[in-house]
Every structure is written in structure tokens, then in C-alpha cells.
Amino acid sequence: MKTSTINQKNFQQTEAWRLLEESIIYYQGKPIGTVAAHDPELEALNYDQCFLRDFIPSALVFLMEGKSEIVRNFLVETLKLQSHEKQMDCFQPGSGLMPASFKVESNGSEEYLIADFGEQAIARVPPIDSCLWWILLLRAYEKATGDLELARQPQFQAGIKLILDLCLVHRFAMYPTMLVPDGAFMIDRRMGVYEHPLEIQVLFYAAMRASRELLLPDGDGGRYIDKVNGRLGALHYHICNYYWVDLKRLREIYRYKGNEFGKEVANKFNIYSESIPNWVIEWLPESSGYLAGNLGPGRMDFRFFALGNLMAILTSLASEKESQSIMNLFVHRWQDLIGYMPVKICYPAIEGLEWRIVTGCDPKNIPWSYHNGGNWPVLLWLFTAAAVKTGRVELAQEAIAIAESRLTQDKFPEYYDGNNGRLIGKEARINQTWSVAGLLAAKQFLANPHFLELVTFAESFEGFGCSL
Ligand code: GLC
């Protein structure tokens, strides 16, 4: 490598670290999280808060650097924020909920934390992913530090159980997947991601696998572990068998009969072949496959959502074979899914009348922008971890190189726009912390693959494969 290239790389690394350190939030003198963004030009709105989901890549970077104190403080303080009884417009959202974000306020010399559970968020969306990410981070903290005591504390055990109560509660449901409203996770605006979005289902699966490791079997712990085991098997079976899309499956769906009644029917969800979008028939390569974005009565959302698919690889919800098929999809559709900035959040964008109806004419989610087909640098850590886990290291190297060629110079934007992510996002903030941390975490996973244990799970003993 030429000296100038090495100097440039060192500068990028230092700059990323500087921005990450600058983003740290202190509470009573202790580091407890990172702000979402530090854009000197745009109004902060709530980007000056610490979002639980945004903190995950920062936390992973800190853990991998041996700076676990901030992660421990974050886990302790956010647990105290967990909702027990929340009153909102005469309505009481379930206890167990973790906030979307929080910030430090002060009254004279006294500091306190205020949290937003969605009651202030745009469109009042609930953050279902927060509590799931929280459990996953607790496990990552244990793995990185060897500190088993934290999760064993009674208040942590109680916190995990409250989350499980909320997630495992009986509702009007026929499926083991969790029924969720629109915009309840990273995609926190109307985008047709209500019902059973892949992202939440995979996080739910991961959080249950983590809970099984973290829960102590004493007291009522054993009962929770049994409940989790039962649901894990059913969820695994459901997602692997019904969400998986490859050409074989597409051919089956194309010839499905409708309106089948009874137990042993092929078309359980009553999917009509006319609902298969034209793009997917041309787009899906022979040797690839992926998990569909959503599945419900009469509805299969064929859009490709990166986070759900990549997490499915990390959690081994996708078997080894399916994981390779998903990575093949990235190879064959590199321009669409990686392009000029890894990684496309979902493919393809919704346009025209569909955009009007599905997003409610949301100008931030116009086609190929933001959540609607934008490219998000934060997803690089997931892509890299998945590539390393599947032995496709060269893909991780290539994606990191693409990201590095732009990110520092563009000041770490929140997202990029365009079919291939060529433009800095229309309303993207700069100095977006999870774009910074996403790159740093990705580089660590590539350089030190043993850190994958923080975010991966071994293939489950249930042993179901997606393309059975
Ligand atoms: C936007 C994103 C959300 C993120 C937040 C803070 O609302 O949609 O996923 O957590 O910004 O960065």
C-alpha cells in the first residue's frame, strides 16, 4: 500500500473515532450513550437524543475496543427507563416497552433522563425493536466482558421477563410471528411494513435465543424458558418455510390455487399469483434466494429488506445453504443492493400510486430515498458480519472499500439516495453517529472475526432449513 493511501486511511479512522467520541452523552459524569447525529446545520429535532437502536453499532465498537463501561451504563440506565405503566392520552401502552430514545435534562445542578416511548415521535410510532435490541446488547456485553453478574441481577432478570411478557402475550393471532403496526422499527414511518415484517420477526427470534441464554432457571425463570423454547421452534418453522423465496418457491406460488380450505393445503395464506410483482420474476437469479419482507392473509411482500435478511444469517435463522443464497443475491444484484454505498435498506422502491397510498404521500420517503429504497451506511456492519460468517470475506472487503471511499469526505451522512445510492440523501443529516459506528464496527469484524460471537448464534438444534 502506498504511504499516501495509508495516511488517508489513518486519517479516516481517526476522524471516525473523533466523531464517535464527540457523540457520547454523559449523565451524572458517566458516559451512557451516543446522540443520533451532530449536524451543525440542521435543526436537531430529536437527533440530539440517544436512540436505543442507533446505539447498537456504537456499543459494539466500544465493546470490541474494551470500552465496556459506557455499554454497562447504557444497559443499567435504560432498564430503569423501561415502562411499567405508561399513560398516554388516556391510554396505557404495555409495560415492558423500552423507549425509542432518551436524553439528559437538568434542573439546576440536578440531572435526570427523559425518555420517548413513541408518544412524542413523529406519527406516534411504538419502538418495538428497542426492547429486542436491548436484550441482544445485554448478551453481547456478557460475551465481550465475561461479566455474567449484570444480567443475573434480579432487576435485569425481571426486565427480560417483562419484555417477554409483552412479546409473548396471546393476541388474536394464528401465526407465531408478532403482529406489529407500521413503522415500529428502523423504518419508523408508514412504508407498508405493518403486520408481520421480517425485521421484527428476526429480531424477536434473536432476542428469544438471547433470553434463553440469559435467564436463570430458578423461580419462574424455568417457565419463561419453556415458553421461549416453544415459540422459538414455531417461529423458526414459520419463517423458514413460508417467508423463503427462491425460483422454486416462486414457480410454486405462480401456480397456486386460491381459496383452499382445510388443514393440509398448499396455499395456506391465500396468496394469488397476480400479486407477484413483475420485477421479482425478472430480478431473482437462479442461485439466489431471500426471506420476503412480510407475510399475512392474502399478502406476501416480495420486497427485499436488508436488515432482516442479514440478521437472519447472523442468528442462523437462515441455514448455511440459505445464508449462501442470500449472499449470492448480493453478488448477482450488487449494483441494486450495494451500488455506490452499502447497503440498500429495501429493494425496490415503491412508486406512483402505490407510494401515495402506502406512505400517505410522505415526501421524505419518495422513491429511492430514505426508507423507500435509500442506501444506509449503518447497515455495513451487518453486511460485513454476515459476509464474514458465511466465508465471503471478499464481499466484506469490497463493501468496506466502497464505503471508505465516500464516507469521510461526505461527512458520514445518514443515508444516500438514488437507484444505486449515488447521491447524499435529500434530507440526510451529516455526522450521523450510526454511519460512523457502522463503518468502525464493520472494520473490526473484518479484522477480528472472533468478535462475531457478540452478534451471532449457532445453527439451532431444531435444525429446520428454509428451503425444505
Ligand atoms: C430516523 C430513522 C430511525 C433512527 C432515527 C435516529 O427516524 O428512521 O431508524 O433511529 O432517525 O437516527
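You'll find the structure just up there.
Residues numbered from 1 in each chain as written. Predicted model: local features only at pLDDT ≥ 70, side-chain atom pairs only at ≥ 80, totals over all residues. Heavy atoms only, no water.

> Whenever I open this one, the site of the ligand confuses me. Can you help?
The ligand sits among A36, Y47, F51, R53, D54, M186, D188, Y370, H371, E414, Q432 and W434. Contacts to the ligand include D54, whose side-chain N or O atom sits 2.5 Å from an oxygen atom. Between Y370 and the ligand, the recorded distance is 3.4 Å, taken from a side-chain N or O atom to an oxygen atom. Coverage of the ligand by the protein chains reaches 95% of its 310 Å² of free accessible surface. (Near = heavy atom within 4 Å. Polar contact = N/O pair within 3.5 Å; in protein donor to acceptor, adjacent residues only side chain to side chain. Areas by Shrake-Rupley, 256 points an atom, 1.4 Å probe, with all protein chains shown as cover.)

> Looking at this structure, I do not really get unusual backbone geometry. What am I missing?
Among all residues save glycine, negative phi is the norm, and among peptide bonds the norm is trans. Here the amide bond leading from P342 into V343 is cis, since omega sits at 5°, within 30 degrees of zero. Locating V343 in the fold gives a position in the loop between helix 13 (334-337) and strand 11 (346-347). Cis geometry is adopted by the peptide bond preceding P348, which originates at Y347 and carries an omega value of -10°. Among the secondary structure elements, P348 is positioned in the loop between strand 11 and helix 14 (352-359). The backbone of A123 shows a phi angle near 70°, a positive value even though the residue is not glycine. Owing to a relative accessible area of 65%, A123 belongs among the exposed residues under this scheme. The phi dihedral of C361 is positive, around 60°, even though this residue is not glycine. For C361, a relative accessible area of 32% corresponds to the partly exposed category. (Helix = DSSP H or I, 4+ residues; strand = E, 2+ residues; numbered from the N terminus. Buried < 20%, exposed > 50% of the residue type's maximum accessible area, 1.4 Å probe, protein only.)

> Just checking my understanding: could you explain the nonpolar core for this structure?
A general trend in soluble globular proteins is that nonpolar side chains are found buried together. Within the largest apolar cluster, 163 residues are counted, with the highest numbers of intra-cluster contacts made by W134 and W381. Those residues within four positions of W381 in sequence are excluded, and the remaining contacts are I56, P57, L60, W133, L314, G438, A441, A442, F445 and V455. (Core = buried A, V, L, I, M, F, W, Y, C linked by side-chain atoms within 4.5 Å. Contact = heavy atoms within 4.5 Å.)

> What's the story with the packing of aromatic side chains in this structure? I'm lost.
Two descriptors summarise a pair of aromatic rings, namely the distance from one centre to the other and the angle between the planes of the rings. Following the criterion strictly, the structure yields 21 aromatic pairs and no others. Centre to centre, the rings of W134 and F156 are 5.6 Å apart; their planes meet at 20°, and the pair counts as stacked. Of this pair, W134 sits in helix 4 (residues 128-145) while F156 sits in helix 6 (residues 154-168), and the two are 22 residues apart along the sequence. Residue class for W134 comes out buried when judged on its relative accessible area of 1%. (Phe/Tyr/Trp six-rings, centres within 6.5 Å; stacked < 30°, edge-to-face > 60°.)

> Any chance you could explain the packing of helix 2 (residues 52-64) against helix 17 (residues 433-447) here in plain terms?
If you want to describe how two helices pack, look at the angle between their axes and the distance between the axes. Across the interface, helix 2 lies against helix 17 with an axial gap of 8 Å and an inter-helix angle of 40°. By the angle between their directions, the pair helix 2 and helix 17 is classed as oblique. Here the hand of the crossing between helix 2 and helix 17 comes out left-handed. Here helix 2 contributes R53, D54, P57, S58, L60, V61 and M64 to the contact with helix 17, which in turn contributes T433, W434, A437, G438, L440, A441, Q444 and F445. Of the residues contributing to the contact of helix 2 with helix 17, the split by class is nine nonpolar, four polar and two charged. (Axes fitted to C-alpha atoms, helices over the stretch in contact; angles between N-to-C directions. Parallel < 35°, antiparallel > 145°, perpendicular 65-115°, else oblique. Left-handed = near helix turned anticlockwise from the far one by under 90°. Nonpolar A, V, L, I, M, F, W, Y, C, P; charged D, E, K, R; others polar.)

> Hey, could you run me through the environment of L148 in this one?
Here L148 lies in the loop between helix 4 and helix 5 (149-152). Along the sequence, L148 and A158 sit ten residues apart, while their C-alpha atoms lie 16 Å from each other.

> In this structure, what is going on with the pairing of strand 4 (residues 101-107)? I would like to understand it.
On a regular strand, one side chain projects to one face of the sheet and the next to the other, so that they alternate. Pairing analysis gives two bridges linking strand 3 (residues 50-51) to strand 4, with the strands arranged antiparallel. Residue pairing across strands places F51 opposite S101, the latter belonging to strand 4. Strand direction decides the pairing type here: strand 4 and strand 5 (residues 110-116), joined by seven bridges, are antiparallel. Counterpart to V104 in the pairing with strand 5 is L113. Between strand 4 and strand 5, which pair antiparallel and follow one another directly, the connecting turn spans two residues, one of which, G108, has a positive phi of 65°. (Pairing = 2+ DSSP bridges.)

That is the geometry; function is a separate question.
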